[in-house]
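Here is how the chains run, residue by residue.
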Amino acid sequence: MQVFFPLSVVTWALLIASQGMIWLYAPVESSMGLVQKIFYLHLPLAWWAFVAFFIVFMASAAFLWKKRPESDLLAAAAAEVGVLFSVLVLVTGSIWGRVSWNTWWTWDPRLTTALVMCFAYCAYLILRQARIPSPRREVMCAVLGILAFADVPLVFVSARLWRSIHPTVFASQGGGMPGEMLLTLGGCLVAWGGLLALLIISRYRQLRIQARLNSLVAGKYW
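Thresholds applied
- Residues numbered from 1 in each chain as written.
- Predicted model: local features only at pLDDT ≥ 70, side-chain atom pairs only at ≥ 80, totals over all residues.
- Heavy atoms only, no water.
- Helix = DSSP H or I, 4+ residues; strand = E, 2+ residues; numbered from the N terminus.
- Buried < 20%, exposed > 50% of the residue type's maximum accessible area, 1.4 Å probe, protein only.
- Contact = heavy atoms within 4.5 Å.
- Areas by Shrake-Rupley, 256 points an atom, 1.4 Å probe, with all protein chains shown as cover.
- 1 Å grid on protein atoms, 1.4 Å probe; cavity = no way out; pocket = protein on both sides within 12 Å on 5 of 7 lines; lining within 4 Å.
- Points joined across faces, edges and corners; volume = space filled by probe spheres on them.
- Nonpolar A, V, L, I, M, F, W, Y, C, P; charged D, E, K, R; others polar.
- Axes fitted to C-alpha atoms, helices over the stretch in contact; angles between N-to-C directions.
- Left-handed = near helix turned anticlockwise from the far one by under 90°.
- Patch = residues over 30% accessible without salt bridge, like charges linked within 9 Å, V, L, I, M, F, W, Y side chains within 5 Å.
- Salt bridge = Lys/Arg side-chain N within 4 Å of Asp/Glu carboxyl O.
- Phe/Tyr/Trp six-rings, centres within 6.5 Å; stacked < 30°, edge-to-face > 60°.
- Expected span 1.5 Å × (residues − 1).
- Parallel < 35°, antiparallel > 145°, perpendicular 65-115°, else oblique.
- Arc of directions from axis to C-beta.

Turning our eyes to something else, we now look at the overall build of the protein chain. Counting its regular elements, the protein chain contains 7 helices and 0 strands. Sequence-ordered secondary structure for the protein chain, helices as α and strands as β, is α-α-α-α-α-α-α. Within the protein chain, the fraction of its 222 residues that count as buried is 41%. Sequence-distant contacts in the protein chain: of pairs separated by 6 or more residues, those separated by 24 or more amount to 76%. Summing over all exposed atoms, the protein chain offers an accessible surface of approximately 12,400 Å²; the carbon and sulfur share of this is 69%.

Structure follows, in C-alpha coordinates:
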(Lines give C-alpha, C1' and ligand atoms only; values in the text may rest on other atoms or scores of the structure.)
Protein backbone atom coordinates (compact mmCIF):
# COMPACT_ATOMS: atom_id res chain seq x y z
CA MET A 1 0.00 0.00 0.00
CA GLN A 2 1.28 3.45 -0.91
CA VAL A 3 0.27 4.89 2.46
CA PHE A 4 2.14 2.25 4.47
CA PHE A 5 5.67 3.68 4.21
CA PRO A 6 4.75 7.32 5.03
CA LEU A 7 2.60 6.09 7.92
CA SER A 8 5.54 4.04 9.19
CA VAL A 9 7.90 7.00 9.11
CA VAL A 10 5.44 9.35 10.83
CA THR A 11 4.49 6.76 13.45
CA TRP A 12 8.05 5.92 14.46
CA ALA A 13 8.92 9.63 14.58
CA LEU A 14 5.93 10.20 16.87
CA LEU A 15 6.87 7.25 19.07
CA ILE A 16 10.38 8.64 19.54
CA ALA A 17 9.06 12.17 20.13
CA SER A 18 6.49 10.91 22.64
CA GLN A 19 9.23 9.21 24.64
CA GLY A 20 11.09 12.50 24.74
CA MET A 21 7.95 14.23 26.00
CA ILE A 22 7.45 11.58 28.68
CA TRP A 23 10.95 11.82 30.14
CA LEU A 24 11.97 15.40 29.37
CA TYR A 25 8.77 17.45 29.15
CA ALA A 26 6.06 15.99 31.38
CA PRO A 27 6.53 16.84 35.08
CA VAL A 28 7.14 14.17 37.69
CA GLU A 29 3.95 13.41 39.62
CA SER A 30 4.33 14.54 43.24
CA SER A 31 2.93 11.50 45.09
CA MET A 32 3.98 8.54 42.89
CA GLY A 33 7.15 9.90 41.37
CA LEU A 34 8.73 8.46 38.23
CA VAL A 35 6.62 5.30 38.23
CA GLN A 36 3.60 7.43 37.27
CA LYS A 37 5.15 7.88 33.82
CA ILE A 38 4.08 4.33 32.96
CA PHE A 39 0.64 5.94 32.68
CA TYR A 40 1.66 7.38 29.29
CA LEU A 41 2.09 3.85 27.99
CA HIS A 42 -0.67 2.15 29.96
CA LEU A 43 -3.56 4.41 28.97
CA PRO A 44 -2.89 4.58 25.19
CA LEU A 45 -2.47 0.80 25.08
CA ALA A 46 -5.83 0.37 26.82
CA TRP A 47 -7.71 2.82 24.61
CA TRP A 48 -6.29 1.44 21.38
CA ALA A 49 -6.98 -2.12 22.51
CA PHE A 50 -10.63 -1.04 22.78
CA VAL A 51 -10.44 0.33 19.23
CA ALA A 52 -8.89 -2.90 17.95
CA PHE A 53 -11.70 -4.92 19.50
CA PHE A 54 -14.26 -2.54 18.03
CA ILE A 55 -12.74 -3.26 14.62
CA VAL A 56 -13.15 -6.98 15.37
CA PHE A 57 -16.79 -6.32 16.21
CA MET A 58 -17.48 -4.34 13.03
CA ALA A 59 -15.55 -6.69 10.74
CA SER A 60 -17.29 -9.71 12.25
CA ALA A 61 -20.69 -8.14 11.71
CA ALA A 62 -19.71 -7.27 8.13
CA PHE A 63 -18.63 -10.85 7.53
CA LEU A 64 -21.94 -12.26 8.77
CA TRP A 65 -23.76 -9.82 6.50
CA LYS A 66 -21.75 -10.04 3.28
CA LYS A 67 -19.70 -13.24 3.81
CA ARG A 68 -16.61 -11.52 2.38
CA PRO A 69 -13.33 -13.23 3.35
CA GLU A 70 -11.60 -9.85 3.64
CA SER A 71 -13.81 -8.93 6.59
CA ASP A 72 -12.93 -12.16 8.38
CA LEU A 73 -9.21 -11.54 7.83
CA LEU A 74 -9.49 -7.95 9.09
CA ALA A 75 -11.21 -9.21 12.24
CA ALA A 76 -8.42 -11.74 12.77
CA ALA A 77 -5.68 -9.12 12.32
CA ALA A 78 -7.36 -6.66 14.68
CA ALA A 79 -7.92 -9.37 17.30
CA GLU A 80 -4.27 -10.36 17.31
CA VAL A 81 -3.11 -6.77 17.77
CA GLY A 82 -5.83 -6.11 20.34
CA VAL A 83 -4.76 -9.11 22.42
CA LEU A 84 -1.14 -7.95 22.26
CA PHE A 85 -2.14 -4.48 23.46
CA SER A 86 -4.41 -5.81 26.21
CA VAL A 87 -1.68 -8.11 27.53
CA LEU A 88 0.67 -5.13 27.67
CA VAL A 89 -2.06 -3.18 29.49
CA LEU A 90 -2.26 -5.88 32.15
CA VAL A 91 1.53 -6.08 32.47
CA THR A 92 2.07 -2.31 32.74
CA GLY A 93 -0.89 -2.02 35.10
CA SER A 94 0.57 -4.70 37.36
CA ILE A 95 3.92 -2.92 37.49
CA TRP A 96 2.19 0.36 38.32
CA GLY A 97 -0.05 -1.35 40.86
CA ARG A 98 2.89 -2.96 42.63
CA VAL A 99 4.25 0.48 43.48
CA SER A 100 0.92 2.26 44.04
CA TRP A 101 -1.06 -0.48 45.83
CA ASN A 102 1.79 -2.66 47.09
CA THR A 103 0.45 -5.66 45.18
CA TRP A 104 0.90 -7.02 41.67
CA TRP A 105 -2.79 -7.88 41.30
CA THR A 106 -6.11 -7.24 42.99
CA TRP A 107 -9.56 -8.34 41.91
CA ASP A 108 -10.66 -4.79 41.31
CA PRO A 109 -13.69 -4.46 38.95
CA ARG A 110 -11.67 -2.81 36.18
CA LEU A 111 -8.79 -5.26 36.43
CA THR A 112 -11.15 -8.23 36.51
CA THR A 113 -13.21 -7.11 33.52
CA ALA A 114 -10.02 -6.31 31.59
CA LEU A 115 -8.71 -9.82 32.30
CA VAL A 116 -12.00 -11.34 31.13
CA MET A 117 -11.80 -9.23 27.96
CA CYS A 118 -8.29 -10.48 27.25
CA PHE A 119 -9.32 -14.10 27.85
CA ALA A 120 -12.37 -13.71 25.59
CA TYR A 121 -10.27 -12.57 22.63
CA CYS A 122 -7.63 -15.20 23.36
CA ALA A 123 -10.47 -17.72 23.03
CA TYR A 124 -11.37 -16.06 19.72
CA LEU A 125 -7.82 -16.58 18.43
CA ILE A 126 -7.82 -20.20 19.62
CA LEU A 127 -11.12 -20.80 17.83
CA ARG A 128 -9.58 -19.50 14.62
CA GLN A 129 -7.03 -22.32 14.79
CA ALA A 130 -9.62 -25.03 15.44
CA ARG A 131 -10.00 -27.83 12.91
CA ILE A 132 -13.50 -26.83 11.88
CA PRO A 133 -14.42 -26.78 8.17
CA SER A 134 -14.87 -23.44 6.43
CA PRO A 135 -17.06 -21.42 6.33
CA ARG A 136 -18.50 -22.77 9.60
CA ARG A 137 -15.35 -21.83 11.51
CA GLU A 138 -15.40 -18.27 10.17
CA VAL A 139 -19.07 -17.89 11.11
CA MET A 140 -18.39 -19.16 14.64
CA CYS A 141 -15.46 -16.75 14.97
CA ALA A 142 -17.60 -13.85 13.78
CA VAL A 143 -20.29 -14.63 16.33
CA LEU A 144 -17.70 -14.84 19.12
CA GLY A 145 -16.07 -11.62 17.90
CA ILE A 146 -19.42 -9.86 18.28
CA LEU A 147 -20.32 -11.39 21.65
CA ALA A 148 -16.89 -10.76 23.16
CA PHE A 149 -17.24 -7.04 22.52
CA ALA A 150 -19.95 -6.85 25.20
CA ASP A 151 -17.18 -6.79 27.82
CA VAL A 152 -15.31 -3.85 26.25
CA PRO A 153 -17.69 -1.04 27.33
CA LEU A 154 -17.98 -2.82 30.69
CA VAL A 155 -14.23 -2.43 31.21
CA PHE A 156 -14.52 1.27 30.42
CA VAL A 157 -17.35 2.02 32.87
CA SER A 158 -16.47 -0.53 35.57
CA ALA A 159 -14.56 1.97 37.73
CA ARG A 160 -17.68 4.16 37.78
CA LEU A 161 -20.29 1.42 38.22
CA TRP A 162 -18.64 -0.34 41.15
CA ARG A 163 -16.38 0.62 44.02
CA SER A 164 -12.93 0.61 42.50
CA ILE A 165 -9.45 1.67 43.51
CA HIS A 166 -8.50 2.12 39.88
CA PRO A 167 -8.16 5.82 39.02
CA THR A 168 -10.43 7.43 36.46
CA VAL A 169 -8.47 9.69 34.15
CA PHE A 170 -11.27 12.08 33.25
CA ALA A 171 -13.42 12.18 36.36
CA SER A 172 -16.59 14.25 36.58
CA GLN A 173 -15.28 16.14 39.61
CA GLY A 174 -12.01 17.38 40.99
CA GLY A 175 -8.36 17.63 40.02
CA GLY A 176 -7.37 17.04 36.50
CA MET A 177 -3.93 16.97 34.92
CA PRO A 178 -1.54 19.83 34.21
CA GLY A 179 -1.31 20.99 30.62
CA GLU A 180 2.10 19.37 30.13
CA MET A 181 0.71 15.97 31.14
CA LEU A 182 -2.33 16.34 28.88
CA LEU A 183 -0.16 17.33 25.91
CA THR A 184 2.18 14.40 26.53
CA LEU A 185 -0.78 12.04 26.83
CA GLY A 186 -2.18 13.36 23.55
CA GLY A 187 1.13 12.79 21.79
CA CYS A 188 1.34 9.24 23.14
CA LEU A 189 -2.22 8.50 22.07
CA VAL A 190 -1.50 9.62 18.50
CA ALA A 191 1.79 7.69 18.37
CA TRP A 192 0.36 4.42 19.67
CA GLY A 193 -2.68 4.83 17.45
CA GLY A 194 -0.37 4.99 14.47
CA LEU A 195 1.41 1.84 15.66
CA LEU A 196 -1.93 0.06 16.03
CA ALA A 197 -2.81 0.96 12.43
CA LEU A 198 0.58 -0.20 11.18
CA LEU A 199 0.35 -3.55 12.95
CA ILE A 200 -3.21 -4.24 11.80
CA ILE A 201 -2.44 -3.30 8.20
CA SER A 202 0.72 -5.39 8.18
CA ARG A 203 -0.95 -8.43 9.71
CA TYR A 204 -3.98 -8.11 7.43
CA ARG A 205 -1.72 -8.11 4.39
CA GLN A 206 0.07 -11.21 5.68
CA LEU A 207 -3.22 -13.01 6.24
CA ARG A 208 -4.44 -12.13 2.74
CA ILE A 209 -1.27 -13.50 1.19
CA GLN A 210 -1.56 -16.64 3.28
CA ALA A 211 -5.21 -17.08 2.31
CA ARG A 212 -4.39 -16.68 -1.39
CA LEU A 213 -1.58 -19.23 -1.16
CA ASN A 214 -3.90 -21.66 0.60
CA SER A 215 -6.52 -21.09 -2.09
CA LEU A 216 -3.97 -21.73 -4.83
CA VAL A 217 -2.92 -24.97 -3.17
CA ALA A 218 -6.57 -25.97 -2.84
CA GLY A 219 -7.26 -24.96 -6.46
CA LYS A 220 -9.79 -22.24 -5.67
CA TYR A 221 -8.05 -18.88 -5.94
CA TRP A 222 -10.21 -15.91 -4.90
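Having seen the structure, we can now continue with the description.
What follows deals with the layout of surface pockets. Here the idea is plain: a probe the size of a water molecule rolls over the atoms and shows the empty space left. Looking at the second largest pocket, its volume works out to about 790 Å³. As for the second largest pocket, its lining consists of 23 residues, and the residues nearest its centre are Ser134, Arg137, Glu138, Ala211 and Asn214. Those elements that place two or more of their residues in the lining of the second largest pocket are helix H3 (69-100), helix H4 (109-128), helix H5 (136-148) and helix H7 (179-218). Examining the composition of the lining of the second largest pocket, we find that 7 residues originate from one element, H7, more than from any other. Of the residues assigned to the lining of the second largest pocket, the class counts are 10 nonpolar, 5 polar and 8 charged.

Further remarks concern the environment of Leu195. Secondary-structure assignment places Leu195 in helix H7. Put simply, Leu195 and Ser8 are 187 residues apart on the chain and 8.0 Å apart in space, counted from C-alpha to C-alpha. Beyond its immediate stretch of four places on either side in the chain, Leu195 contacts Thr11, Trp12 and Leu15.

Let us now look at the packing of H3 against H4. It is the contact of H3 with H4, at a shortest axis distance of 9 Å, that shows an interaxial angle of 145°. Of the two elements, H3 crosses H4, and the hand of that crossing is left-handed. For the pair H3 and H4, the contacting residues are Asp72, Ala75, Ala76, Ala79, Glu80, Val83, Ser86, Val87 and Leu90 in the first and Ala114, Leu115, Met117, Cys118, Tyr121, Cys122, Tyr124, Leu125 and Arg128 in the second. Looking at the contact of H3 with H4, its residues break down into 14 nonpolar, 1 polar and 3 charged.

A surface patch of nonpolar side chains, about 500 Å² in accessible area, is lined by Trp23, Leu24, Val28 and Leu34. Here Trp23 shows up in helix H1 (residues 4-25). We classify Trp23 as exposed; its relative accessible area is 51%.

What follows deals with the packing of aromatic side chains. Taken as a whole and judged by the stated rule, the model has 7 aromatic pairs. Geometrically, the ring pair formed by Phe39 and Trp96 is edge-to-face, given 6.1 Å between the ring centres and 65° between the ring planes. Here Trp96 lies in helix H3 and Phe39 lies in helix H2 (residues 39-66), a separation of 57 residues in the sequence. Across the pair, Trp96 and Phe39 agree in class, each one buried. Plain terms: the ring middles of Phe53 and Tyr121 are 3.8 Å apart, the flat faces sit at 10° to each other, and that makes the pair stacked. Residue Phe53 is located in helix H2, and its partner Tyr121 is located in helix H4; the two are separated by 68 residues in the primary sequence. Of the two residues, Phe53 and Tyr121, neither departs from the other in class, the shared state being buried.

Most peptide bonds adopt trans geometry, and most residues besides glycine take a negative phi value. Here the residue pair Ser134 and Pro135 is connected by a cis peptide bond, since its omega of 0° sits within 30 degrees of zero. Phi angles above zero are rare outside glycine, and Lys67 is one such case at about 60°.

Quick look at H3 now. Residues spaced three or four apart along an α-helix face the same direction, because each turn holds 3.6 residues. In this model, H3 (32 residues) spans 46 Å end to end at C-alpha, consistent with the 46 Å of a helix rising 1.5 Å per residue. Directly after H3, the chain includes Asn102, whose backbone phi takes a positive value near 60°.

To continue, consider the packing of H2 against H4. When two helices pack together, their arrangement is given by the angle between the helix axes and by the axis-to-axis distance. Running from amino to carboxyl end, H2 crosses H4 at an angle of 40°, the nearest separation of the two axes being 12 Å. Judged by the inter-axis angle, H2 sits oblique to H4. Taken as a pair, H2 and H4 cross one another with a handedness that is left-handed. Touching Phe50, Phe53 and Val56 of H2 are Met117, Tyr121 and Tyr124, all from H4.

Further remarks concern H5. Look at H5: 18 Å from first C-alpha to last across 13 residues, which is about the 18 Å you get at 1.5 Å a residue. Residues Glu138, Cys141, Ala142, Gly145 and Ala148 constitute the buried set of H5. Seen along its axis, H5 keeps its buried residues to an arc of 135°; they face one direction. Facing away from the buried side of H5, by more than 90 degrees, are the exposed residues Arg136 and Leu147.

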